[in-house]
Amino acid sequence: MGRATIELAKAQGFDVASAGRRAGSDFHVDVTDAASVRALFEHVGELDHLLVTASPGTPGPLLEQEPEQARTFLDGKFFGAWLCACYAAPRMPAGGSITFITGVAVVRPPRGAAMVTAAFAAVEGLTRALALELGPLRVNTIRPGYTDSEMWGGLSDAERKDLRRRVAAAMPVGRMGQPEDIAHAALFLMTNPQVTGAVLEVSGGESLVEALS
Ligand SMILES: NC(=O)c1ccc[n+]([C@@H]2O[C@H](COP(=O)([O-])OP(=O)(O)OC[C@H]3O[C@@H](n4cnc5c(N)ncnc54)[C@H](OP(=O)(O)O)[C@@H]3O)[C@@H](O)[C@H]2O)c1
């Protein structure tokens, strides 16, 4: 989703920088490490728009996780977003924007991943709170559904093909989401000056239909 947004933003004339843990990003950052996030934004300097896509951590069933393991997802997703906002906002102009990413799990929790639901809900709450606190800087969230990104890279070819087929069959739009769909929404949120505190679901109608079995 991040890469697709970078490509679309470049095509629209934005000067774009990427950050992540892997080589190949313009800047290194680990959003679970406050010092790393602070150093990133010190390096980057002033910026107009920020999109945070990272979801590090290991969610799992409530009764099968140790507390420290359960905290990793909240730390990565929620505090990662919080840290990025905290260190970026002072370098951003009025009318600039921060966009977070959650997922349909926030309204239709998958079994055995309570911390995903809780962390996504926390990020959506943070969105509304920061829209007030940081305005006229704008703060929004995209809530994707099944999106055919690298996140599914751990599946075999056959499993991924089967996922695409089942998602397309189940969703009102008849297709699985593409990273470009999220990029389109991200550019909308960055460029529409009247949208703040919003959660924009880009899920093909996933929250309207039964969960995939
Ligand atoms: N794909 C879906 O079906 C789907 C559905 C609903 C919600 N979502 C949510 O949408 C968001 C983006 O998903 P995606 O599909 O774009 O996932 P992705 O392809 O796995 O990309 C995630 C990105 O986060 C970065 N990242 C991970 N841990 C990080 C860390 N500790 N510090 C800094 N960067 C880190 C990764 O880069 P590095 O490895 O270089 O760090 C990677 O570029 C996630 O929050 C995911 O939970 C996805």
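See the structure above.
Below, the structure is looked at part by part. It should be emphasised that the depicted structure is a prediction, and the values quoted were computed from it without experimental measurement.

Structurally, the position occupied by Ser149 is in the loop between β5 (138-144) and α5 (157-170). With residues near it in sequence (within four places) discarded, Ser149 still touches Arg160 and Pro179.

In terms of residue burial, strand β4 (residues 97-101) counts as a mostly covered element, since 5 of its 5 residues are buried. Along β4, one buried face is formed by Ser97, Thr99 and Ile101 and the opposite face, lined by Ile98 and Phe100, is buried too. Here strand β3 (residues 49-52) runs beside β4; their pairing, made up of 4 bridges, is parallel. Bridge pairing in β4 places Val52 opposite Phe100. One crossover worth recording links β3 to the parallel β4 by way of helix α3 (residues 67-88), and it is right-handed. Crossover handedness for the path β4 to helix α4 (residues 114-134) to β5: right-handed.

Conventions and cut-offs
- Residues numbered from 1 in each chain as written.
- Predicted model: local features only at pLDDT ≥ 70, side-chain atom pairs only at ≥ 80, totals over all residues.
- Heavy atoms only, no water.
- Helix = DSSP H or I, 4+ residues; strand = E, 2+ residues; numbered from the N terminus.
- Contact = heavy atoms within 4.5 Å.
- Buried < 20%, exposed > 50% of the residue type's maximum accessible area, 1.4 Å probe, protein only.
- Pairing = 2+ DSSP bridges.
- Right-handed = clockwise from strand over helix to strand, strands pointing away.

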